[in-house]
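Analysis of the macromolecular model
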Amino acid sequence: MVILTVDQAKQWMIESQKKLVEHKEQLTTLDQAIGDGDHGINMARGFSEVVDKIEGTEYDTVADVLKSAAMTLTAKVGGASGPLYGTAFLKMAVSLQGKEVTAEAFVDAVDAGLEGIQTRGKAEFGEKTLFDVWYQVAAFLHSEPYDTWEGILEVCQAIIEDTREMVALRGRASYLKERSKGHIDPGSMSSFYIFQAFVDVLEWEKA
Amino acid sequence: MKKVVNHPDKVVQDMLDGFVKAHHTSMKRIPDTTVIIRQEAPISGKVGLVSGGGSGHEPAHAGYVGKGMLDAAVVGEVFTSPTPDQVLEAIKAVDSGAGVLLIIKNYTGDVMNFEMAAELAEAEGITVDKVIVNDDVAVEDSTFTTGRRGIAGTVLVHRVAGAVAETGASLAEVKQAAEKVVRNVRSMGLALTACTVPAAGKPSFTLHDNEIEIGTGIHGEPGIERVPLQTAEEMSERLVEKILADKDYTNSEVAIMINGMGATPEMELYIVYREVERLLHKHGIAVYRAWVGEYMTSLEMAGFSVTLLAVDHEIKQALSTPVETIAFR
């Protein structure tokens, strides 16, 4: 069964943009605590560019939508988030190339995205980066029947709370060592909004 | 915020416009990009050297484009790495078929964006290699973390790699020379005041009148310790001792760079030089050459960094070849 159509893929990006713009200040505040304070600004700007691009373009496949998003994020977000999200969406697009997006295909795509993030960021689980969220989502999708997409949200919320107690080992927050404790990782938070947008779009279909 | 700008969001574009107009005889901007390249690029048979990073570190990196140093500098937003598409344009513009070496400061964003560009260039059939500069001893080096940052020592990597590339050396040879500098260069800085990113409008941190921050990065990242204001002698000693604790330069000959962070007068930098040279002599370290001035700034931050590079015959030879750039002699 197809779970994500071209239109829904576009909606996913549009919903992501809405959430990231809505939470721009929150993401920036989180980043000011342990990074360089531009995560909200960069993500809102990047996804707004994505929406500008995809709204004016016709796509044949979900893979094409995600590839377009990947190229735009890579070119417009900057910092570390641009290459990380750009790579994640590009690898998902490659994984979905020539396929209909069934639940199985989507799980494979999340795996591919996760692998892309790991290759690009050289992160491991538990290092207080957005990789943590993707890792947990992938693990959840492998462990559960596919009709429970909402379960993604609980998994995300739990890992986001966990990042609060972690010491950052990657990225600019790692310079703070122990002082990075006590703050939620901003990249994990933005990944949550992207997965939340995905779940919202699938839920609309059910409703 | 009191700055000489037209609009905070336009500082990079406006600066680049002014830069290429002022220096049009020796360099140009690739249209619709933030890439500055040598007027004569690509140079037949020569390995192309590309570096870059966020803006706000002027004269880095565009000031180092020219004979004996870089072929291209890729300019990002203030304190933000340039994106892969921009780096790719630079690579394509300077490749003469001999390959391109990327010189990257060790920041997560810079490394990822430049690596992505390298992959894209390779997909287009261009041979690309990279060196990552991590000279800042304020940050602990560890394979389990992001590791030490790249700061003013990067300029000396540009210089030596650039000199070796001018001789027609292969990509592997240029990379080897650059890596030798990376292995032998260490730096550390301190700040007397913070700096303000134009788009942010307020300082990245605050220091009281009588406080200094030891070990700050070049983006106003926190240092390792905040202490009361000291004399030039004490501040210099603090940095030199930390560098020497990381790498033993005893009985070696070194090149020194005293780098102003943007708002420290040359008068003060020369006072620092005086103290640093005296300290090095005390440790039995000979001075080959020195550069004192602004090389890798952090907007209008007051403060300085000290860089030491152990020199051997090959590095000395490279440092003595002709160099024609705006900011390095």
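Let's shift gears to the overall build of chain B. Of the regular secondary structure elements, chain B holds 8 helices and 12 strands. Against the 2.2 N^0.38 benchmark of 20 Å for 329 residues, chain B shows a C-alpha radius of gyration of 19 Å, consistent with a compact globule. For chain B, the spread of C-alpha atoms along the three principal axes comes to 55 × 50 × 40 Å. Every one of the 329 residues in chain B was classed for burial, and the buried ones make up 59%. Considering only residue pairs separated by 6 or more positions, chain B has 73% of its internal contacts joining residues 24 or more positions apart. When the accessible surface of chain B is totalled, it reaches about 12800 Å², and 51% of it is carbon and sulfur. The positive charge centre, built from 30 side chains, and the negative charge centre, built from 45, are 3 Å apart in chain B.

Turning to the environment of Val77(A), a few remarks are in order. Residue and element names in this part refer to chain A. Locating Val77 in the fold gives a position in the loop between helix 4 (62-76) and helix 5 (81-96). Linking Val77 and His39, residues 38 residues apart in sequence, is a C-alpha distance of 9.1 Å. Not counting chain neighbours up to four residues away, the residues in contact with Val77 comprise Asn42, Met43, Arg45, Gly46, Thr72 and Gly82.

A few words now on the domain arrangement of chain B. All names here are of chain B. Taken as a whole, chain B is organised into domain 1 (11-184) and domain 2 (185-317). Carbon and sulfur atoms make up 65% of the surface buried where domain 1 meets domain 2, a total of about 2800 Å² over both sides. Summed over the shared surface of domain 1 and domain 2, the number is 3 salt bridges. Salt-bridge contacts for Lys180 lead to Glu314; the nearest nitrogen and oxygen are separated by 2.5 Å. Across the contact surface, domain 1 and domain 2 share 15 residue pairs in polar contact (both at pLDDT 80 or more).

Residues and elements named next belong to chain B. Read from one edge to the other, the open sheet built from 6 strands follows the order 1-2-4-3-5-6, with strand pairing classed as mixed. Looking at which strands have only one partner, the edges of the open sheet turn out to be strand 1 (27-29) and strand 6 (128-133). Strand-to-strand, the axes of this sheet are offset by a mean angle of 25°, without reference to chain direction. Note: strand 1 against strand 2 (residues 35-38), 3 bridges, orientation antiparallel. Counted as the bridge partner of Arg29 is Ile36 from strand 2. Across the sheet, helix 1 (residues 11-22) touches strand 1, strand 2, strand 3 (48-55) and strand 4 (72-78), and the angle it forms with strand 4 is around 150°.

The subject of this paragraph is unusual backbone geometry. Residue and element names in this part refer to chain B. Put simply, Glu58 and Pro59 share a cis peptide bond, and its omega is 10°. In this structure, Pro59 sits in the loop between strand 3 and strand 4. Cis geometry is adopted by the peptide bond preceding His61, which originates at Ala60 and carries an omega value of -5°. Take His61: it is sitting in the loop between strand 3 and strand 4.

All names here are of chain B. Strand order in the open sheet formed by 6 strands is 9-8-7-12-10-11, with mixed pairing between adjacent strands. Each having just a single partner strand, strand 9 (225-228) and strand 11 (286-293) make up the two edges of the open sheet. Put simply, the sheet's adjacent strands are angled 20° from each other on average, direction ignored. Bridge count for strand 10 (residues 253-260) against strand 12 (residues 303-310) is 7 bridges, and the pairing is antiparallel. From the neighbouring strand, Ala255 faces strand 12, where its bridge partner is Leu309. Contacts from helix 6 (residues 232-246) reach strand 7 (185-191), strand 8 (211-214), strand 9 and strand 12, with the element oriented near 150° to strand 7.

With that settled, consider the environment of Glu58(A). Within the fold, Glu58(A) resides in the loop between helix 3 (39-55) and helix 4. Once the C-alpha coordinates of Glu58(A) and Val6(A) are considered, the two residues, 52 residues apart in sequence, prove to be 9.4 Å apart.

It is worth spelling out the pairing of strand 4 of chain B at this point. Each regular strand carries side chains that alternate between the two faces of the sheet. All names here are of chain B. For strand 4, the buried fraction is high: 6 of the 7 residues fall into the buried class. As defined by bridge partners, strand 2 adjoins strand 4 across 3 bridges and the pair is classed as antiparallel. The partner of Ile36 across the bridge, within strand 4, is Ala73.

A separate point is the side chain of Arg159(B). Residue and element names in this part refer to chain B. Among the structural elements, Arg159 can be located in helix 4 (residues 153-166). We note that Arg159 is buried and unpaired, the nearest opposite charge coming from Glu166 at a distance of 7.5 Å. Engagement of the side chain of Arg159 in a polar contact is seen with the backbone oxygen of Ala318, the distance being 3.3 Å. With residues up to four places along the chain from it excluded, the contact list for Arg159 reads Gly68, Met69, Ala318, Leu319, Ser320, Thr321, Pro322, Val323 and Phe328.

About the criteria used
- Throughout, a residue's number is its position along its own chain's written sequence, starting from 1.
- Both sets of labels track the order of writing: A upward for chains, 1 upward for ligands.
- Under the rules for a predicted model, residues below a pLDDT of 70 receive no local features and side-chain atom pairs below 80 are neither given nor counted, while totals for whole chains, interfaces and linings still include all residues.
- With hydrogens and water excluded, all non-hydrogen atoms of the structure serve as input to the side-chain values.
- To qualify as a helix, a DSSP run of H or I must reach at least 4 residues; to qualify as a strand, a run of E must reach at least 2; elements of each kind are numbered from the N terminus.
- This radius of gyration counts C-alpha atoms alone. The globule rule is 2.2 Å times how many residues there are, raised to the power 0.38.
- Buried residues are those whose accessible area, probed at 1.4 Å on protein chains only, stays under 20% of the maximum for their type, while exposed residues exceed 50% and partly exposed ones sit between those limits.
- By definition in these notes, contact holds between two residues if any of their heavy atoms fall within 4.5 Å.
- With residues, only the protein chains shown are counted as cover, and all accessible areas are computed by Shrake-Rupley using a 1.4 Å probe.
- Lys and Arg are tallied as positive, Asp and Glu as negative. Neither His nor the chain termini are counted.
- Lys charges are placed at NZ, Arg charges at CZ, Asp charges at CG and Glu charges at CD.
- These domain limits were set by an automatic method or by a database of domain assignments.
- The buried area of a pairing is the accessible area, by a 1.4 Å probe, that goes missing from both parts when the two are put together, added over both.
- Any Lys or Arg side-chain nitrogen located within 4 Å of an Asp or Glu carboxyl oxygen qualifies as a salt bridge.
- Pairs of N or O atoms are called polar contacts if they sit within 3.5 Å, as long as, within protein, a hydrogen donor faces a hydrogen acceptor (for residues adjacent in sequence, only side-chain-to-side-chain pairs).
- Here a strand pair is declared whenever DSSP counts at least two bridges between the two strands.
- Only the stretch in contact is used when fitting a helix axis, every axis being a line fitted to C-alpha atoms; angles between N-to-C directions are given from 0 to 180 degrees.

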